Amino acid sequence: MKGKMWFGLLASACTVTAAPVAQAQSLKVTADQTLEAPGLSVIAGQNTFSPIFFDEKNGGIQIIMQGDRIAADGEVRLDPTPEQWAPVPTFVSRTLGPQPNQVVMRSAYEKFGLSYSITVTAEGDGFRIAVDLDKPLPASLAGKAGFNLDFLPTAYFGKTYLMDSDPGLFPRNANGPMAKDGSGNPQPLAAGGTSLTLAPEDPARRVTITSDGASLALYDARNRAQNGWFVVRSLIPAGARNNAIVWHVRPNLVKGWVRQPVVSFNQAGYTPGRDKIALIELDPAFKAPDEATLVKITGDGEKPVFTAKVSPRGKWMRYAYAAFDFSSVREPGIYAISYAGHTTNPFPISAHAYDHIWQASLDTYLAEQMDHMRVREQYRIWQGTSHLDDARQAPPNHVHFDGYRMGPNLDSPYKPGQRIPGLNVGGWQDAGDFDIQTPSNAAVIRDLVWTRELFGLDWDETTIDEAARDVQIRKPDGVPDAVQQIRHGTLQLLAQYKAFGHAIVGIISPTLKQYTHLGDAASQTDGRIYDPKLGENQINGDASGKPDDRWAFTTDLPANDLAVAGALAAASRALRDSDPAMAAEALAAAKALWQAQRAKVAAGDNRGDGRDGPGMIDISDAMATIDLLIATKGDPVYRARLEQLLPKIREHFAWIGGAAVRAIPYMGADYRAALAPEVRAFKEKIDGQLADNPFGVPIAEGSWAGSAQVAMFGSSMYLLHQAFPDIVGPEYTLRALDYMLGRHPANNLSLVSTVGTQSKLIGYGHNRADYTFVPGGMVPGVIIIKPDFPELKTDWPFLWFENEYTVNTTTAYILAANAAIAAAGEEH
Ligand SMILES: [Ca+2]
Ligand SMILES: [Ca+2]
């Protein structure tokens, strides 16, 4: 099979060396059933399409080339440019094939009567893909089903392609052409050839695909949706079965390529007295020096000031790690780390290093997410006044495309489609989409109240005028922004309570077309209340005939009620001075919501909205009880309940432990004595778990990256440290800060946009189509592409599981950052 035509002209330079080198570079199957060569991983059927989000660009056959995952979703698809919610195949199995270095993936579209295997076999210095159908295509799929392989747009911007010998440029912007039939389908950029080379000029990105039989087409799926990729496709010929599609894929292997070390540290720098440990992430094939040097940078240039041996930190995922400890350097200044011939970007050692690490999260990101307000920052309007037409009652028995679902009972006095007055106030748009998720809104309130109670949080940089629905960033109004934000969230939670007598699941766009909205929140709906008596384009005062008002999903879920009870109890404390009437109303609602859940909690009613894990009812009950206990300064009702909850606190200590110690001042000495062994046991357990990775924080390995868990870990450990300083030290909280601000796998960017010397500046916020950021937002961070590839893309904004800011992740950061500042203050 070597020396075939597809091997091509470009290979000649690489093949002049002797056969053993080519041999060494050919793909080999691993114990994890991936195919690996130096600088190349081909993974098939390891990451599957999501049951909630469908196409996440993390399924099928994927190619990691010289350290970047440049291709994904190699699968049979029913459309040349499928969108996120288009039909996706069901993963059936992954096995090793009968030939050496061969992986066989089986998939199916049951609904369409299509099942097949895709066989990936090492071939030369690339691989062969063969699609074998169990039966020829059903007539309904002829001319529709094809094999697609998606290439990451940012990997190919500014580069060229060759379809056979016909050259083309990858467009920087989606520029069509579109089919003229009004279908909304893009036409291919190039088609009709049997050989396609992507980026022939770039050895790090060059991939040649040759098809036996079926011709190749190249599409720009961004013509249909901004998050589309470049799609290479062959249609499956009618009647074909075995070898229905055969591709030979040859990613260029750069001879001797080794991934360069990633030196990761806190991009905000370090306070002089604290520990300072950089981690070095190493390709196991890299010849790693055993020393690193700290250099100091002044107006006269840079000079080495400290050199030390690095200490091995073991292997984790596909990399090896080493630590460079420069804690002994305390002199304020600008520093950088020099390792293996490369010097990092600079960072400060300074008593002021953390003076401004969380403020943008509060005064800019959270302000930008405020619903029902106009948000201005000097010349820039972040959004016009949004969603004034909230909200209509969602119908029963409805499964919504974003995971919301309504059962047969509405738990609401309103009829399906009926307008619910009063909901068009307060709250935050949860994330890069524009819905109000009640539990995350409740978490934002709690985080802000706790940060204020524990650490102050008197920052004022923003004018917030609820009556005028007006927000102006960079214009202090004399009122702490946190208090104003707490009030803004409370307005929404109380509005829900007044309308329904309970918390609801949330408020979201009724149609997919509206949901995919990108840009200004104010234009997601027309802001006018839907009146069915008006024609679609008719307007009458504040009403219109457009049924674009968001829907309220009103199911009464005990865990949500308790989350809201806790948030309202917390809010009552924060608002006591500035708005005693609202504080009293919030506390009364919190008590009533808590009381109304007693029978359901006793019955173990653990219903969720499909997003919550099991056990949430106990966690929510404990959290609500603690916030009510604090709000009532030790009401015996909540004391008694918290005593009863001790076994649940023990069971879910990672979630509740930090909160549990906040209750100590209101409980008897027995309570503290009961917690002490739990804290000790938890510390032992967590130390054991954390030894599994070099970063010293819990790293999520699921389908959404875990910066939020790291933030919660940081603040919980600080609360445990405060209450039991002899058991838990401040180092966990500082490690959490280090992780969030850059000391994490994959790269060294701070996960909080604009915080630190280098941060994530291409995020999945409302402005993601512009490849920009919302200052202060924290992204989820590093995901594990299974089986072992840690990924945080730097230049592509559309992977929500790595890049999407959420409000409660960001407020969890505000709390954790303040805890870390306090922890750093203890280390002298
Ligand atoms: Ca303010
Ligand atoms: Ca409307």
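For the structure given in this document, a descriptive report is provided here.

Looking now at the coordination of the calcium ion (ligand 2). Each protein donor to the calcium ion (ligand 2) is listed here as Asp389 (OD), Asp526 (OD), Arg528 (O), Asp548 (OD) and Asp549 (OD); together their distances run 2.2 to 2.4 Å. As a motif over one chain, the donors of the calcium ion (ligand 2) read D-x136-D-x1-R-x19-D-D. On the criterion of sequence distance, the pair formed by Asp389 in the loop between strand S29 (380-383) and strand S30 (392-393) and Asp526 in the loop between helix H7 (512-515) and strand S37 (529-530) is long-range, its members being 137 residues apart. The exposure class of Asp389 is buried, given its relative accessible area of 0%.

Right, let's talk about unusual backbone geometry for a bit. Most peptide bonds take the trans form, and the phi angle of most residues other than glycine is negative. That bond from Asp390 to Ala391 is cis: its omega, -10°, falls within 30 degrees of zero. A cis amide bond links Lys786 to the next residue, Pro787, at an omega of 10°. Structurally, Pro787 can be placed in the loop between strand S41 (783-785) and strand S42 (789-791). Look at Asn101: it is not a glycine, yet its phi comes out positive at around 55°.

With that settled, consider empty space enclosed by the protein. This model, assessed by the stated rule, comprises 3 cavities of 30 Å³ or more. Its volume calculated, the largest cavity comes out at about 110 Å³. If you go around the largest cavity, you meet 13 residues; those closest to its centre are Asp55, Lys57, Gln84, Asn227 and Gly228. Among the residues forming the lining of the largest cavity, the class breakdown is 6 nonpolar, 3 polar and 4 charged. Volume-wise, the second largest cavity comes out at about 60 Å³. Together, Gly45, Asn47, Thr48, Phe49, Gly60, Glu75, Pro89, Thr90, Phe91, Met105 and Ser107 line the second largest cavity. Contributing elements (two or more residues each) for the lining of the second largest cavity: strand S6 (90-96) and strand S7 (102-109). Counted by class, the lining of the second largest cavity contains 4 nonpolar, 6 polar and 1 charged residues.

Only Asp460 (OD), Thr462 (O), Asp477 (OD), Val479 (O), Asp481 (OD) and Gln484 (OE1) from the protein coordinate the calcium ion (ligand 1), and they sit 2.3 to 2.5 Å from it. The coordination sphere of the calcium ion (ligand 1) comprises 6 donor atoms, whose angles at the metal cover 82 to 170°; the geometry is octahedral. Mapping the donors of the calcium ion (ligand 1) onto the primary sequence yields the spacing D-x1-T-x14-D-x1-V-x1-D-x2-Q.

The geometry of two aromatic rings is summed up by the distance between their centres and the angle between their planes. In the structure shown here, the tally under the stated rule is 35 aromatic pairs. An angle of 35° between the planes, with centres 5.5 Å apart, marks the rings of Phe324 and Phe326 as tilted. Grouping residues by exposure puts Phe324 and Phe326 together as buried. Linked through ring pairs, Phe151, Tyr156, Phe157, Tyr161, Phe170, Trp229, Phe230, Tyr771, Trp796 and Phe798 together constitute an aromatic cluster. Sitting over the face of the ring of Trp450, Arg446 holds its NZ or CZ atom 5.8 Å from the ring centroid. Of note, Arg598 hangs over the ring of Trp594, and the distance from its end group to the ring centre comes to 3.6 Å.

With that settled, the discussion passes to the sheet that holds strand S33 (residues 436-437). In space, the 4 strands of this open sheet follow the order S30-S40-S36-S33, with mixed pairing throughout. Either end of the sheet is taken by a strand with one partner, and the two such strands are S30 and S33. As paired strands, S33 and strand S36 (residues 506-508) are joined by 2 bridges and run antiparallel to one another. Note on S36: the bridge partner recorded for Gln437 is Gly506.

Okay, the sheet that holds strand S11 (residues 160-163) next. Judged by pairing direction, the sheet is antiparallel, and its 9 strands sit side by side in the order S6-S7-S8-S9-S18-S15-S14-S11-S12 without closing on themselves. Looking at which strands have only one partner, the edges of the open sheet turn out to be S6 and strand S12 (166-169). Strand-to-strand, the axes of this sheet are offset by a mean angle of 20°, without reference to chain direction.

Within an α-helix, residues lying three or four positions from one another point in the same direction, as the helix has 3.6 residues per turn. Burial within helix H14 (residues 653-662) is extensive, with 8 of its 10 residues counted as buried. Within H14, burial applies to Phe653, Ile656, Gly657, Gly658, Ala659, Ala660, Val661 and Arg662. Against helix H5 (438-455), helix H8 (558-574), helix H11 (616-631), helix H13 (646-651), helix H15 (669-690) and helix H16 (707-723) lie the buried residues of H14.

Cut-offs applied
Residues numbered from 1 in each chain as written. Chains lettered and ligands numbered in written order. Predicted model: local features only at pLDDT ≥ 70, side-chain atom pairs only at ≥ 80, totals over all residues. Heavy atoms only, no water. Donors = N, O, S within 2.8 Å, 3.2 Å for Na, K, Ca; no water. Helix = DSSP H or I, 4+ residues; strand = E, 2+ residues; numbered from the N terminus. Buried < 20%, exposed > 50% of the residue type's maximum accessible area, 1.4 Å probe, protein only. 1 Å grid on protein atoms, 1.4 Å probe; cavity = no way out; pocket = protein on both sides within 12 Å on 5 of 7 lines; lining within 4 Å. Points joined across faces, edges and corners; volume = space filled by probe spheres on them. Nonpolar A, V, L, I, M, F, W, Y, C, P; charged D, E, K, R; others polar. Tetrahedral: all angles 85-135°; square planar, octahedral: opposite > 155°, others 65-115°. Phe/Tyr/Trp six-rings, centres within 6.5 Å; stacked < 30°, edge-to-face > 60°. Lys NZ or Arg CZ within 6 Å of the ring centre and 35° of its normal. Pairing = 2+ DSSP bridges. Axes fitted to C-alpha atoms, helices over the stretch in contact; angles between N-to-C directions. Contact = heavy atoms within 4.5 Å.

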